[in-house]
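Examining the three-dimensional arrangement
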Amino acid sequence: MKLNRRLVLHAATGIVGLALLPRVAFGQNRAETLRYVTGNNINPLDPTVQGSTRESFGLSMNVYDRLFSFGRKKLGDNWVFDATKIRGELAKGYQISPDGMKITITLRPDATWHDGTPVTAEDIKWSLDRAVSAKSLAPPQFSTGSMTSTDQFRIVDDHTIEVTLPQPDRLGLANLCVPYAIMINSKLAKQHVTADDPWALDWLKSNSAASGAYIVESFKPSESVIIRRNDAWKGGADGAMPFFRRIIIQTVPEPATRANLIEKGDADLAIDLAASDIPTMEKSTKAKVVSVPQTNGFTHISMNTQMAPFDNVKVRQAIAAALPFEDMFKAALFARGRRLYGADWTGLPPNSGFPQPIPLKTDSTRAKKLLAEAGMPEGFKTSFAFSTGQAATAEPLAALLKEALGKIGIDVDIQKKPDAEFNTLESEKKMPFFVDAATAWLPATDYYFRLYFTRDQRWNFASWKNTDIEQISAAARFELDPAKYDEECKKMIEVFAENVPLIMMWQPNHDAVMAANIDGYTYQFYRQADFRDLKRV
């Protein structure tokens, strides 16, 4: 039976479909309205509170200003973020002291909040204090830039703030660009604080106190958000104003429905379609696909290095040698992405960038030899897990992994786990062998290693403990000499490649599917749409 696409959208979301919203509700014509469909929920509006989704991060980048933002650059024919270039949003400029321990930030004198009141240094001080003090997601992130205390933020005058660091941290300034670094209208937020909630976390879940490019007009958690352009916005690159006057964001759970809405012209943009739908959309005359590898992320197969037999480096090396990398890449992603295996270097890598291709190749003879050297010539039994949410790509990967490891005597029990259970087991370090993905907002090699390969914490997937990595990553964080920093990073990558705590697989493509007349899409480090750069041509 053929279903009316508008009714499909209505049923999928439980609210009025995009195509059914009357033009009078927009106040602008169709050309100035962008309609965005996502399979996930925007809930809540404050990206720093527990339960924030990646979609919440993306929305907040358009609604809130930060002091700074990353620039963007061309990668082939497409735009991607550029973490090496930092420009002001609410900040007019900055100066870093010669010792690298003091950042003096000058605010835009004409910046205003959405309610029309001026942005002041008092607001910025309160926002920064909140970022390091509130019981939220922000303090751990800010600590990666050595910002941990309210004493580090000082008001110099009405439009100048001083940030003092205990050491010249390479990521101090960069942390003021991330989704958690929202600058808040403190006078408005303070009207909603309580003794139990001194930072208005509860009120800001469903309300905004912002100054950014767009103003929240309607917010229905888990259903839809409508935002309108802030015509008083001053934070754009070169003072540019966003093209779109209104953005309609709607949750549409089924990927096929989202694809159909783009094809039929009832939606303008989707970024989370199924990989299997992308080749069809690439052939469409009404839509186009912008595909960029997730340059600051990676898919990995992790082994718990604190559990036998994965505490044996030769076992980890044997598994890496047995995997049919290319077959897995094609089966899981249709070869849509960047390979992180198959490199030819030995010893130090050719550059200090990370992630980069690691010298791992399929070699079953070597795999059997390594397993014998590990004292397990007959193999062993283990389990391999993935989450339900990853099933589309993880199931074909897991099937090929089971087959390949069976050939060298390793009997693998595949376990498909509900997302909540998988995340809990991963956090508690109770899974021996699994597949997952990771993304770093700040794509610096030392940051990757500190975040994913050191300490007893959530994101050290492999529970890896290596003294060399701990010492080198700690030193690299504060190393300001570019040549010494590169040397330290190359050494960490060499140690990582030798020890194989986890197996780097690939960087999946970030596929943005849009109407043929949409231009300017930028791949951002938080993997969501930046509406400020988009336009209709």
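Quick note: structure is the one above.
The structure contained in this document is the topic of the report that follows. Throughout this description, residue numbers start from 1 for each chain and increase along the sequence as written. Only residues with pLDDT of 70 or above have their local features reported here, since the model is predicted, and side-chain atom pairs are shown and tallied only from 80 upward, although totals for entire chains, interfaces and linings are computed over all residues. To obtain the side-chain values, all non-hydrogen atoms of the structure were included, while hydrogens and water were left out.

Observations regarding the side chain of Glu-494
- Secondary structure is summarised from DSSP: a helix means a run of H or I of at least four residues, a strand means a run of E of at least two, and numbering begins at the N terminus for each. Inspection of the secondary structure assignment puts Glu-494 in helix 17 (residues 482-499).
- With a relative accessible area of 13%, Glu-494 lands in the buried category.
- Setting aside anything within four residues of it in sequence, one finds Glu-494 in contact with Gly-347, Leu-348 and Pro-349. A 1.4 Å probe rolled over the protein chains alone gives each residue an accessible area, and that area as a share of the maximum for its type sets the label: buried under 20%, exposed over 50%, partly exposed in between. By definition, residues are in contact when any of their heavy atoms lie within 4.5 Å.

Examining the layout of surface pockets
- With a 1 Å grid laid over protein atoms only, a set of points is called a cavity when a 1.4 Å probe fits there but cannot get out and a pocket when it is open yet has protein on both sides within 12 Å along at least five of seven lines; lining residues have an atom within 4 Å of a point. Grid points are joined across faces, edges and corners, and a volume is the space filled by probe spheres set on the points. The volume enclosed by the second largest pocket comes to roughly 1,000 Å³.
- In terms of lining, the second largest pocket is formed by 39 residues, of which the most central are Ala-83, Thr-84, Arg-170, Pro-443 and Ala-444.
- For the lining of the second largest pocket, the elements supplying multiple residues, two or more each, are strand 2 (68-75), strand 3 (78-88), strand 4 (91-96) and helix 15 (445-452).
- A per-element tally of the lining of the second largest pocket places strand 3 first, with 6 residues.
- Asp, Glu, Lys and Arg are counted as charged, while Ala, Val, Leu, Ile, Met, Phe, Trp, Tyr, Cys and Pro are counted as nonpolar; the rest, among them Gly, fall into the polar class. For the lining of the second largest pocket, the per-class residue count stands at 22 nonpolar, 10 polar and 7 charged.

Description of helix 15
- Counting buried positions along helix 15 yields 8 of 8 residues, so the element is predominantly enclosed.
- Those residues of helix 15 not exposed but buried are Thr-445, Asp-446, Tyr-447, Tyr-448, Phe-449, Arg-450, Leu-451 and Tyr-452.

Observations concerning the packing of helix 15 against helix 16 (residues 467-476)
- All axes here are fitted lines through C-alpha atoms, helices being fitted over the stretch that makes contact, and every angle between N-to-C directions spans 0 to 180 degrees. Where helix 15 meets helix 16, the closest approach of the two axes is 9 Å, and the angle between their N-to-C directions is 135°. Considered as vectors, helix 15 and helix 16 are oriented oblique to each other. The handedness of the crossing between helix 15 and helix 16 is left-handed. Where helix 15 approaches helix 16, its residues Asp-446, Phe-449 and Arg-450 are matched on the opposing element by Ile-469, Ser-473 and Ala-476.
- Across the contact of helix 15 with helix 16, the residue classes tally to 3 nonpolar, 1 polar and 2 charged. Note on terminology: angles under 35 degrees are roughly parallel, angles over 145 are roughly antiparallel, angles of 65 to 115 are roughly perpendicular, and the others are oblique. Crossings are assigned a handedness: left-handed for a near helix turned anticlockwise from the far helix by less than a right angle, right-handed for a clockwise turn.

Here's the deal with the pairing of strand 4
- Strands are labelled as partners when DSSP assigns at least two bridges between them. Relative to strand 5 (residues 102-107), strand 4 is paired through 5 bridges, and the arrangement is antiparallel. Residue pairing across strands places Gln-95 opposite Thr-104, the latter belonging to strand 5.
- Counted between consecutive antiparallel strands, the loop separating strand 4 from strand 5 contains 5 residues, among which Gly-100 sits at a positive phi close to 75°.

Side note on the sheet that holds strand 20 (residues 522-523)
- Reading across the sheet, the 3 strands line up as 2-3-20 and stay open at both edges, with mixed pairing between neighbours. The sheet is open, and its two edges are formed by strand 2 and strand 20, each paired on a single side.

Focus on the packing of helix 10 (residues 313-322) against helix 12 (residues 364-373)
- Axis separation between helix 10 and helix 12 bottoms out at 8 Å; the angle between their running directions is 165°. Judged by the inter-axis angle, helix 10 sits roughly antiparallel to helix 12. The handedness of the crossing between helix 10 and helix 12 is left-handed. Residue-level inspection shows Lys-314, Val-315, Gln-317, Ala-318, Ala-321 and Ala-322 of helix 10 in contact with helix 12, the latter providing Ser-364, Arg-366, Ala-367, Leu-370, Leu-371 and Glu-373.

Side note on the pattern of salt bridges
- Each reported salt bridge corresponds to a side-chain nitrogen of Lys or Arg within 4 Å of a carboxyl oxygen of Asp or Glu. Counting across every chain of the model gives 28 salt bridges.
- Residue Glu-162 is joined to Lys-102 by a salt bridge in which the shortest nitrogen-to-oxygen separation is 3.9 Å. One end of the pair, Glu-162, is in strand 7 (residues 160-164); the other, Lys-102, is in strand 5, and 60 residues separate them in sequence.
- The class for Glu-162 is buried, based on a relative accessible area of 11%.
- Salt-bridge contacts for Lys-491 lead to Glu-494; the nearest nitrogen and oxygen are separated by 3.1 Å. Of this pair, Lys-491 and Glu-494 both sit in helix 17, separated by 3 residues, roughly a single helical turn.
- The exposure class assigned to Lys-491 is partly exposed, which follows from its relative accessible area of 36%.

Focus: the packing of aromatic side chains
- Under the pairing criterion, centres of Phe, Tyr and Trp rings, with the six-membered ring standing for Trp, must be within 6.5 Å; the plane angle then separates stacked pairs below 30 degrees from edge-to-face pairs above 60, leaving the rest tilted. Counted according to the given criterion, the structure contains 34 aromatic pairs.
- Ring centres of Phe-453 and Trp-464 lie 6.2 Å apart, and the angle between their planes is 80°; on these two criteria the pair is classed as edge-to-face. Of the two residues, Phe-453 is situated in the loop between helix 15 and helix 16 and Trp-464 in the loop between helix 15 and helix 16; the sequence distance between them amounts to 11 residues.
- With a relative accessible area of 1%, Phe-453 lands in the buried category.
- Taking relative accessible area as the criterion, Trp-464 reaches 4% and is therefore assigned buried.
- Pairwise contacts between aromatic rings join Phe-298, Phe-354, Tyr-448, Phe-449, Tyr-452, Phe-453, Trp-459, Phe-461, Trp-464 and Phe-496 into one cluster.
- Geometrically, a charge over a ring is one whose NZ (Lys) or CZ (Arg) sits within 6 Å of the ring centre while staying within 35 degrees of the ring normal. The ring of Tyr-485 carries Arg-170 above its face, with NZ or CZ at 3.5 Å from the centroid.
- Sitting above the plane of the Trp-459 ring, Arg-458 keeps its charged end 4.4 Å from the centroid.

Some details on the nonpolar core
- In these notes, a set of buried Ala, Val, Leu, Ile, Met, Phe, Trp, Tyr and Cys residues joined through side-chain atoms within 4.5 Å is what counts as a nonpolar core. Counting 157 residues, the largest nonpolar core has Leu-67, Leu-269, Ile-301, Ile-319, Leu-405, Ile-503 and Phe-531 as the members making the most contacts within it.
- Per element, the largest residue contribution to this core is 8 residues, and it comes from strand 18 (residues 502-515).
- Beyond its immediate chain neighbours, meaning those up to four positions away, Leu-67 contacts Arg-87, Gly-88, Glu-89, Leu-90, Ala-91, Ile-105, Leu-107, Ile-124, Leu-128, Leu-176 and Met-183.
- Listed in part, the 13 residues of the second largest apolar core include Leu-261, Ala-267, Ala-287 and Val-513.

Quick word on the sheet that holds strand 5
- A sheet is described by the order of its strands in space; here 4 strands give the open sequence 4-5-7-6, paired in antiparallel fashion. Of all the strands in the sheet, the pair left with one neighbour each is strand 4 and strand 6 (153-157). Going across the sheet, the axis of each strand differs from the next one's by a mean of 25°, ignoring polarity.

Some points on unusual backbone geometry
- With an omega of 10°, the peptide bond running from Asn-43 to Pro-44 counts as cis.
- For Pro-44, the location among the structural elements is in the loop between strand 1 (33-38) and helix 3 (54-63).
- Cis rather than trans, the peptide bond between Ala-308 and Pro-309 has omega equal to 0°.
- Tracing the sequence through the fold places Pro-309 in the loop between strand 13 (297-303) and helix 10.
- Phi angles above zero are rare outside glycine, and Ser-146 is one such case at about 65°.
- Within the secondary structure layout, Ser-146 lies in the loop between helix 5 (138-143) and strand 6.
- Judged by relative accessible area, which is 7%, Ser-146 ranks as buried.
- Despite not being glycine, Val-500 has its phi angle at roughly 45°, a positive value.
- Topologically, Val-500 is positioned in the loop between helix 17 and strand 18.

So, to be careful, I would describe these as geometric facts and stop short of saying anything about function.
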